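Structural overview for review
Spelled out, the chains give:
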Amino acid sequence: FPLNVFFLFLLLFLLFHSFSLFLLLMSISSIRPKEELLRKAPGSFADCSYGKTHYSLMGKAEEGKPLVVCVHGISAEGAAWLPLSRLLLEAGYQVLLPDLYGRGFSDAAPKGVNHDVHLFTSQLNELLVHVGEETNGNSVRGIYLIGTSMGGAVSTRFAHMHKHLVKKLILVCPAGLHTSLPALAGLVKLPGLGEALISMAGKKAIRSGAIKAYFDAEREGAREHLEHTVERGEELGKLHPGNGKALLSTVRSFNFGGLTESFQAIGERGDALPVLIVWGEDDVVVPYDNHIPMLKYMPQAQFLSLKEAGHVDVFCVPEKMDAFHTAAMEFLNAAPTSNNE
C-alpha cells in the first residue's frame, strides 16, 4: 500500500471529520449580530446559557426602591421602554432593559432551540442573577416587573414562577390568552415557506405588518414611531442573521394563548400580587376584549382602558403615553400592601 496514498486517505479522513465538527459547532452555537450592529450597542452583555444577552442597566436605586425590569414585545427590543425609564430614573428607581434572544443586540439561540416562553423566562432569570452585584442584590431580592404584548406573557409566567421575587406587575396589552392569529402567521409556520417569507421581508412588508398596531398611523408620534420601526426592522434584517430566525421560531413555538394557568395562579395567590393592566380599546393585535377574562382571573388587578389607542400607541402617541406613564408611576410609587412586602 503506497505511503502517499495512505497519507491522502488520512488527510481526507481528517478533513471530513473537521468539517463534521464545524457543522456540529455551528448547529449548537448562538447566532451573533454582525460587528457593524454590535458597535452601536449602548449597554452591556451577559453570557447566558443560549447566547449573549444585551441589556441596559440604568441608575442607582434609592433606599427601599426595587429594581424595575421592563420586557418588550415580539419584534421590539429593550429600548422601547426608554421614555418610561426616564421617569423611573427621576423617581429614584434603577431600571433594567433586556433584549430578548434574537432581538436588538442579543444573540439568537442556537438552531433547534425554541424561542418560547420557557426560553425567555430562563433568560430573564439568568440575567437577574448576573446583575445581582450591580443592583446591590435587588435583582434577586425583589423586583417590579413590566411587560407588553409577548413580553406581558413572559412577565406573567415569570411572576407565576417567582412569586416571592416579583412585588408588582404591570401588563400592557398582554398576550397569554386565546386569540385568533392572522392567516399569515399560519403560513409562516409551514416549513420552508416561513423561511422564504422572512427572507423576502423588506420595508414594504415590515410597514404593512406594523401599521396595524396603531389606531391611526398618521397621528403625531405614531408616524415617527412607525418610520423608526420600519428602519430598525430593515437594519436588523441586514445586520442580525438570527433576528428573522428568532421571530420565526417564536411564531412557531410560543403558545400565545396558553397562559391561563399563570393568570389564574396570580389571581389565587394569598398575598394578592398588585397588578395593573393597561389596554388600548382599539387593539387588533392582542384583542382588547381579552381584558374581560384576565380581570376575572386576577380580580385584584387595576385596569386602565385607553380610548382611540391601538397596540403600541402607549409607546409613541403623547396623550396615550402620558396616561400610561401617569398610571404606571402612581401604581409603582404606591405603598405596598403589608402582605406583599
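**Re the overall build of the chain**
Each helix and strand counted, the chain has 14 helices and eight strands in total. Counting the 341 residues in the chain, one finds 48% classified as buried. Taking as baseline every contact in the chain between residues at least 6 positions apart, the subset at least 24 positions apart corresponds to 76%. Summed over all atoms, the accessible surface of the chain reaches about 16500 Å², with 59% contributed by carbon and sulfur.

**Concerning the environment of Ser262**
Note that Ser262 resides in helix H12 (residues 260-268). Residue classification places Ser262 among the buried positions, given a relative accessible area of 1%. Each C-alpha atom of the pair Ser262 and His160 lies 5.5 Å from the other, and the pair is 102 residues apart in sequence. When neighbours within four sequence positions are excluded, Ser262 is seen to be in contact with Thr156, Arg157 and His160.

**A closer look at the sheet that holds strand S2 (residues 51-58)**
Strand order in the open sheet formed by eight strands is S1-S2-S4-S3-S5-S6-S7-S8, with mixed pairing between adjacent strands. Here the strands that pair on one side only, and so sit at the sheet edges, are strand S1 (44-48) and strand S8 (302-306). Each adjacent strand pair in this sheet contributes to an overall mean axis angle of 20°, direction not counted. Packing against the sheet, helix H3 (residues 82-90) makes contact with S2, strand S3 (67-71), strand S4 (95-98) and strand S5 (143-148), and its axis sits at approximately 160° to S4. Across the sheet, helix H14 (residues 318-333) is in contact with S5, strand S6 (166-172), strand S7 (275-280) and S8; its angle to S6 comes to roughly 165°.

**Concerning H3**
Buried within H3 are the following residues: Leu84, Ser85 and Leu88. For H3, the arc enclosing every buried residue in end-on projection is 105°, short of the 170-degree limit, so these residues lie on one face. Those residues of H3 that are exposed and angled more than 90 degrees off the buried face are Arg86 and Glu90. Each element contacted by the buried residues of H3 is listed here: S2, S3, S4, S5 and H14. One or two steps after H3, the chain reaches Gly92, where phi turns positive at roughly 95°.

**What about the packing of helix H4 (residues 117-130) against helix H6 (residues 150-161)?**
Where H4 contacts H6, the two axes come as close as 9 Å, and the packing angle between them is 65°. In terms of orientation, H4 lies roughly perpendicular with respect to H6. The crossing of H4 and H6 is right-handed. Of the residues in H6, those touching H4 at Val117, His118, Phe120, Thr121, Leu124, Asn125 and Leu128 are Met150, Ala153, Val154, Arg157, Phe158 and Met161. In terms of residue class, the contact of H4 with H6 is built from nine nonpolar, three polar and one charged.

**Looking at H4**
Taking 1.5 Å as the rise per residue, H4 with 14 residues should run 20 Å; its terminal C-alpha atoms sit 20 Å apart, in good agreement. Those residues of H4 that fall on the buried side of the exposure criterion are Val117, Leu119, Phe120, Thr121, Gln123, Leu124, Leu127 and Leu128. Taking the backbone nitrogen of His118 as reference, a side-chain oxygen 3.2 Å away marks Asp116 as the first, capping residue of H4.

**Quick notes on unusual backbone geometry**
A positive phi angle is found at Ser149, which is not glycine, with a value near 55°. Within the secondary structure layout, Ser149 lies in the loop between S5 and H6. The phi torsion at Glu308 lies on the positive side, around 50°, for a residue other than glycine. Within the fold, Glu308 resides in the loop between S8 and H14. Given a relative accessible area of 46%, Glu308 falls into the partly exposed group.

**Notes on the packing of aromatic side chains**
Tallied over the full model, the rule gives five aromatic pairs. Consider the rings of Trp81 and Phe315, whose centres lie 5.1 Å apart with planes at 75°: the pair is edge-to-face. Of the two residues, Trp81 sits in the loop between S3 and H3 while Phe315 sits in the loop between S8 and H14, which places them 234 residues apart along the sequence. Since its relative accessible area comes to 1%, Trp81 is described here as buried. On the basis of relative accessibility, which here comes to 14%, the residue Phe315 falls in the buried class. The cationic tip of Arg32 hangs over the ring face of Phe45; the distance from NZ or CZ to the ring centre is 5.8 Å. In this arrangement the basic side chain of Lys168 is found over the ring face of Phe331, its NZ or CZ atom lying 5.4 Å from the centre.

Quick notes on the rules
Residues numbered from 1 in each chain as written. Predicted model: local features only at pLDDT ≥ 70, side-chain atom pairs only at ≥ 80, totals over all residues. Heavy atoms only, no water. Helix = DSSP H or I, 4+ residues; strand = E, 2+ residues; numbered from the N terminus. Buried < 20%, exposed > 50% of the residue type's maximum accessible area, 1.4 Å probe, protein only. Contact = heavy atoms within 4.5 Å. Areas by Shrake-Rupley, 256 points an atom, 1.4 Å probe, with all protein chains shown as cover. Pairing = 2+ DSSP bridges. Axes fitted to C-alpha atoms, helices over the stretch in contact; angles between N-to-C directions. Arc of directions from axis to C-beta. Parallel < 35°, antiparallel > 145°, perpendicular 65-115°, else oblique. Left-handed = near helix turned anticlockwise from the far one by under 90°. Nonpolar A, V, L, I, M, F, W, Y, C, P; charged D, E, K, R; others polar. Expected span 1.5 Å × (residues − 1). Polar contact = N/O pair within 3.5 Å; in protein donor to acceptor, adjacent residues only side chain to side chain. Phe/Tyr/Trp six-rings, centres within 6.5 Å; stacked < 30°, edge-to-face > 60°. Lys NZ or Arg CZ within 6 Å of the ring centre and 35° of its normal.

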